[in-house]
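What follows is each chain in one-letter form.
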Amino acid sequence: MFRKRGPKMTDDQHKPTPEATDTDRTKTVGEDGLDIPDTETDNMQEDLETEFPGMDGLDEGMLGQVQEMMAKLERADELEKENADLKGRLARLAADFENYRRRTQEDVAAAQGQGVSRAAEALMPVYDDMDRAVTMGAADPAKLIPGMQAVQGKILTVFSGLGLEVTGKEGEAFDPQWHEALQVVPGDEDDVIVQVYQLGFRMGDRLVRPARVVVSRKD
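Residues numbered from 1 in each chain as written. Predicted model: local features only at pLDDT ≥ 70, side-chain atom pairs only at ≥ 80, totals over all residues. Heavy atoms only, no water.

> Explain the confidence of the model for the protein chain here, please?
Where the model shows low pLDDT, its predicted coordinates should not be examined in detail. Overall, the prediction assigns the protein chain a mean pLDDT of 77, with 72% of residues at 70 or greater. Every residue in residues 1–8 is under pLDDT 50, and counting partners more than four places away or in other chains gives one contact. Note on residues 10–41: pLDDT under 50 across the span, and 21 contacts to partners over four residues away in sequence or across chains. (pLDDT = per-residue confidence, 0-100. Contact = heavy atoms within 4.5 Å.)

> Quick question: what am I supposed to make of unusual backbone geometry here?
Among all residues save glycine, negative phi is the norm, and among peptide bonds the norm is trans. Of note, Asp191 is a non-glycine position whose phi angle comes to about 55°, a positive value. Mapped onto the elements, Asp191 comes out in the loop between strand 4 (179–186) and strand 5 (193–198). (Helix = DSSP H or I, 4+ residues; strand = E, 2+ residues; numbered from the N terminus.)

> What is the right way to look at the environment of Ala119 in this model?
Its location among the elements puts Ala119 in helix 4 (residues 60–139). The class of Ala119 is partly exposed, set by a relative accessible area of 23%. Distance from Ala119 to Phe159, taken between C-alpha atoms, is 8.9 Å for residues 40 residues apart in sequence. (Buried < 20%, exposed > 50% of the residue type's maximum accessible area, 1.4 Å probe, protein only.)

> Please clarify how the sheet that holds strand 4 should be interpreted in this entry.
Sheets are built from strands that pair by backbone hydrogen bonding, the pairs being arranged parallel or antiparallel. An order of 4-8-5 is seen for the three strands of this open sheet, with the pairing classed as mixed. Where the open sheet ends on each side, the last strands, each with one partner, are strand 4 and strand 5. Direction aside, the axes of adjacent strands within the sheet are offset by 25° on average. Of the strand pairs in this sheet, strand 4 and strand 8 (residues 211–217) are connected by seven bridges, and their pairing is parallel. When the sheet's bridge partners are listed, Gln183 is paired in strand 8 with Val214. (Pairing = 2+ DSSP bridges. Axes fitted to C-alpha atoms, helices over the stretch in contact; angles between N-to-C directions.)

> Whenever I open this one, a nonpolar patch on the surface confuses me. Can you help?
Taken together, the side chains of Met130, Val134, Leu144 and Met148 make up a nonpolar region of the molecular surface, amounting to roughly 290 Å² of accessible area. Taken together, the elements giving at least two residues each to the nonpolar patch come down to helix 4 and helix 5 (144–161). Residue placement: Leu144 occurs in helix 5. The partly exposed category is assigned to Leu144, whose relative accessible area is 32%. (Patch = residues over 30% accessible without salt bridge, like charges linked within 9 Å, V, L, I, M, F, W, Y side chains within 5 Å. Areas by Shrake-Rupley, 256 points an atom, 1.4 Å probe, with all protein chains shown as cover. Salt bridge = Lys/Arg side-chain N within 4 Å of Asp/Glu carboxyl O.)

> Just to check I follow, could you spell out the pattern of salt bridges for this structure?
Close approach of charged atoms lets side chains of opposite charge pair. Counting across every chain of the model gives seven salt bridges. Arg202 is paired through a salt bridge with Glu165; the nearest N and O atoms lie 3.8 Å apart. Placement of the pair is Arg202 in strand 6 (residues 200–203) and Glu165 in strand 3 (residues 165–167), with a sequence separation of 37 residues. Relative accessible area serves as the criterion here: at 24%, Arg202 is assigned to the partly exposed category. In this structure, Asp191 engages Arg217 in a salt bridge whose closest nitrogen and oxygen atoms are separated by 3.4 Å. Here the residue Asp191 occupies a position in the loop between strand 4 and strand 5, and Arg217 occupies one in strand 8, the gap between them amounting to 26 residues. A relative accessible area of 39% places Arg217 in the partly exposed class. One network of salt bridges, with partners in common, ties together Asp129, Arg132 and Lys154.

> Please clarify how the side chain of His179 should be interpreted in this entry.
Relative to the elements of secondary structure, His179 occurs in strand 4. Within the structure, the side chain of His179 is placed 3.5 Å from the backbone nitrogen of Gly168, a separation counted as a polar contact. Polar contacts involving the side chain of His179 include one to the side chain of Glu172, which spans 3.4 Å. Contacts of His179, omitting those with residues within four sequence positions, involve Thr167, Gly168, Glu172, Ala173, Phe174, Ile193, Ala211 and Val213. (Polar contact = N/O pair within 3.5 Å; in protein donor to acceptor, adjacent residues only side chain to side chain.)

> Is there a simple way to think about the packing of aromatic side chains in this case?
Aromatic ring pairs are defined here through the distance separating the ring centres and the angle between the ring planes. Counting across every chain of the model gives one aromatic pair. Measuring from ring centre to ring centre gives 5.1 Å for Phe159 and Phe201, while their planes differ by 80°; the resulting arrangement is edge-to-face. With Phe159 in helix 5 and Phe201 in strand 6, this residue pair connects regions lying 42 residues apart in the sequence. Residue Phe159 is classed as partly exposed on the basis of its relative accessible area of 23%. Between Arg202 and the ring centre of Trp178, over which it is positioned, the NZ or CZ distance is 4.5 Å. (Phe/Tyr/Trp six-rings, centres within 6.5 Å; stacked < 30°, edge-to-face > 60°. Lys NZ or Arg CZ within 6 Å of the ring centre and 35° of its normal.)

Put into structure tokens, the structure is as follows:
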């Protein structure tokens, strides 16, 4: 069924009369007889209507919820950008650390190689002296002992050059930090090394090998 329209209103009929009140100036009457507001909305509502057509007519409560949701969406975008930036920085730090670790390993390997090379070079003359002592001792066994004693002295000199100190000599006071007592025997004094089974070595305050000794104890 079709509804019969009323007579069409002219432009003059739409205009408010001079005697109209302030309330009347904010309204016009449409063809169907409904009041149409002419006042402007706030900027936020205009933005919403522009971005989301058809959202005009929201009440204040719904408009506040929409504003809050849009603020959260903007904050989410900011957090996403910050997260991407942090991921990029983390990736760069991981790459830098991996390069540092690789360089450190290379430096340690190079230092170890240099240390082994230095020790080997220092021990090569000792090997030569031992070889000569064995050769001489094969022809004359009496010369073997002096030759080996000379080799011992040279080895201790090499150790000293490498920073090693001898510990655990006869007559030295027993110190459990550097010495290992294998046996205790009667003696004139307490805790004195009377016999050495094996020399010990230390490097500064670090023990390399404890001396294995016999210690005296007064009855």
